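# Inside the fold
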Amino acid sequence: MHHFEYRSGRLYAEDVDVAALADRIGSPFYVYSEATLRRHMRVFHKAFEGADPLVAFSVKANSNIAVLKILQSEGSGADVVSGGELQRALKAGIAPDKIVFSGIGKTRDEVKAALNAGIYQFNVESAPELEALNALALETGKSAPVALRVNPDVAAGGHDKISTGRKEDKFGVAWEEARGLYGRAREMKGVDVVGVDLHIGSQIADLAPFEAAFSKAAQLIADLRADGCSIDRLDLGGGLGIPYGDAATPPHPNDYAALIKRLTAPLGVRLIFEPGRMICGNAGILVTRVIFVKEGVARKFLIVDAAMNDLIRPALYDAHHEIIPVIQNDEAPRTTYDVVGPVCESSDFFAKARALPEMKEGDLAAIMSAGAYGAVQASQYNTRPLIPEVLVNSDRHAVIRRRPSFDEMIALEASPDWL
Ligand SMILES: *Cc1c(COP(=O)(O)O)cnc(C)c1O
């Protein structure tokens, strides 16, 4: 469910006319719907009503401060994967005791910052990381609450590049080594072992891999308790998929919750979740304008003003995004296009051989479901400025990240004095 819909043939973001917005802002730009963000966070909380989980939004999916503030006001915590994301979460007003820190390569400086902030949990992914965390905690006179991220060796996720829980993936502690490492952690004075953590992948469209992985985690907790470890938290990561307008229909959060309640109720642990895409994916669109229609020999190209540097998901993950005209034109014949950007790379495309109502120069299109892993992965490749992010709330809108000027784009560069 989202709040982007046609009214009298014109696309609206909540009560804001997208074409009119494009005239004010200048294309391309992202639009986020506040109502959709709030709705998704509420649906997730509601699915686990009574269980009092920590829902820690995965900041890497969309880290705009305004987005984080909205989710904070819905009771969300934050799952961060860098010192920068930690600073963003704190700046957005998220309490340290709702912040978990994931990632395989936390630097010493990042760990110190998180220790000083007093975060809720470190999700530790390897033996050397555990040693380093213990040493830093002892140095600063603190005790670090730790869950080990275990790798259950389960294949999941919409694409090879977003599967994280197989034994060949770089993430987590190997299943066979987990109990041993928990044993070592228990001996460490700077570390307080509190939980088990896993995150098996992203854009997961069915419950089976979750069931496989979470059952293994439940068994592990039983084993660890038998070893004398007091485990009272279970962090199940993120990964729930969203509809992108192609074949897959991911499970509803209620079904996901029912499965989890069944598997974890006997354990009596506090649950932690790190949803990203499920919260913000369908809450954002990318609005772009057709620069040219190019009749290739074999293909017809819609060349639009957004490009892979603005939204890299198709290039990186072969991701499917629905593309719709901002002004509906049902009479137009359907035409098959490759929708591409101006960047000098063959991988700069948004769709291949896509049937769309015929479009012409100057027409606006919306690339749907672009609210997760969109703006956060943008770059200035080809010296293209980062594009604005606009938030709508009913009939109001606000630019929550503006387009930089050319001078701002090159402000960090300097010529050496011999030039
Ligand atoms: C990316 C990530 C998430 C969020 O994944 P989604 O598929 O967006 O829900 C959660 N936890 C960790 C550790 C991640 O790396």
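Preceding this paragraph is the structure being described.
Only a predicted model underlies this, so the values are computations on that prediction, with no experimental measurement involved.

Conventions used here
- Residues numbered from 1 in each chain as written.
- Predicted model: local features only at pLDDT ≥ 70, side-chain atom pairs only at ≥ 80, totals over all residues.
- Heavy atoms only, no water.
- Near = heavy atom within 4 Å.
- Polar contact = N/O pair within 3.5 Å; in protein donor to acceptor, adjacent residues only side chain to side chain.
- Areas by Shrake-Rupley, 256 points an atom, 1.4 Å probe, with all protein chains shown as cover.
- Nonpolar A, V, L, I, M, F, W, Y, C, P; charged D, E, K, R; others polar.
- Core = buried A, V, L, I, M, F, W, Y, C linked by side-chain atoms within 4.5 Å.
- Buried < 20%, exposed > 50% of the residue type's maximum accessible area, 1.4 Å probe, protein only.
- Helix = DSSP H or I, 4+ residues; strand = E, 2+ residues; numbered from the N terminus.
- Domains from an automatic or database assignment.
- Contact = heavy atoms within 4.5 Å.
- Phe/Tyr/Trp six-rings, centres within 6.5 Å; stacked < 30°, edge-to-face > 60°.
- Lys NZ or Arg CZ within 6 Å of the ring centre and 35° of its normal.
- Axes fitted to C-alpha atoms, helices over the stretch in contact; angles between N-to-C directions.
- Parallel < 35°, antiparallel > 145°, perpendicular 65-115°, else oblique.
- Left-handed = near helix turned anticlockwise from the far one by under 90°.
- 1 Å grid on protein atoms, 1.4 Å probe; cavity = no way out; pocket = protein on both sides within 12 Å on 5 of 7 lines; lining within 4 Å.
- Points joined across faces, edges and corners; volume = space filled by probe spheres on them.

By nearness alone, 14 residues border the ligand, and Lys60, Ser202, Glu274, Arg277 and Tyr373 come closest of all. Glutamate 274 places a side-chain nitrogen or oxygen 2.6 Å from a nitrogen atom of the ligand. One of the backbone nitrogen or oxygen atoms of glycine 276 is found 3.0 Å away from an oxygen atom of the ligand. Here the ligand has 390 Å² of accessible area as a free molecule, and 94% of this is covered by the chains. Class assignment of the residues belonging to the shell around the ligand gives a composition of 2 nonpolar, 7 polar and 5 charged.

If you look at the biggest cluster of nonpolar residues, it comprises 99 residues, and the most contacted ones within it are Phe122 and Leu234. For this core, the element with the highest residue contribution is helix H8 (residues 208-226), accounting for 8 residues. Shared between two domains, this core takes at least three residues from each, and those domains are domain 1 (4-32 + 281-409) and domain 2 (34-280). Residues in contact with phenylalanine 122, not counting those within four places in the same chain, are Phe101, Val111, Ala114, Leu115, Leu133, Ala144, Pro145, Val146 and Ala147. Core analysis: the next-biggest nonpolar cluster, separate from the first, contains 20 residues, Ala13, Leu21, Val326 and Met368 among them.

Moving on: the packing of aromatic side chains. Inspection of the entire model under this criterion finds 10 aromatic pairs. Pairing phenylalanine 44 with tyrosine 256 gives two aromatic rings, centres 6.3 Å apart and planes at 55°, and the pair type is tilted. With a gap of 212 residues between them, phenylalanine 44 in helix H2 (residues 34-47) and tyrosine 256 in helix H9 (residues 253-264) connect regions that are remote in the sequence. Residue classification places phenylalanine 44 among the buried positions, given a relative accessible area of 2%. Among the aromatic residues, ring-to-ring pairing joins Phe44, Phe48, Phe210, Phe214, Tyr256 and Phe273 into one connected group. Between lysine 216 and the ring centre of tryptophan 175, over which it is positioned, the NZ or CZ distance is 5.1 Å. Looking at lysine 352, its charged tip hangs above the ring of phenylalanine 349, at a distance of 4.1 Å from the centre.

With that settled, consider the packing of H8 against H9. Interaxial distance between H8 and H9 falls to 10 Å at its minimum, and their mutual angle equals 25°. The angle between H8 and H9 falls in the class roughly parallel. Regarding H8 and H9, the two cross each other, and that crossing is right-handed. On H9, the residues touching Phe210, Glu211, Phe214, Ser215 and Ala218 of H8 are Tyr256, Leu259, Ile260, Arg262 and Leu263. When the residues that make up the contact of H8 with H9 are grouped by side-chain class, the tally is 7 nonpolar, 1 polar and 2 charged.

For the rest of this paragraph, the subject is the layout of surface pockets. Approximately 660 Å³ is the volume found for the largest pocket. Along its surface, the largest pocket is lined by 38 residues, and Lys60, Thr164, Phe171, His199 and Tyr373 are the ones closest to its centre. When contributions to the lining of the largest pocket are tallied by element, the ones reaching two or more residues are helix H10 (277-280) and helix H11 (313-317). Looking at the lining of the largest pocket, its residues break down into 13 nonpolar, 14 polar and 11 charged. When we break the lining of the largest pocket down by domain, the ones giving at least three residues each are domain 1 (4-32 + 281-409) and domain 2 (34-280). Computed from the structure, the second largest pocket encloses a volume of approximately 300 Å³. In this structure, the second largest pocket is lined by 16 residues; those nearest its centre are Met1, Pro243, His252, Pro253 and Met278. Listing elements by their share of the lining of the second largest pocket, those giving two or more residues are H2 and H10. Here the lining of the second largest pocket gets 3 residues from one element, more than from any other, and that element is H2. For the lining of the second largest pocket, the per-class residue count stands at 9 nonpolar, 5 polar and 2 charged.

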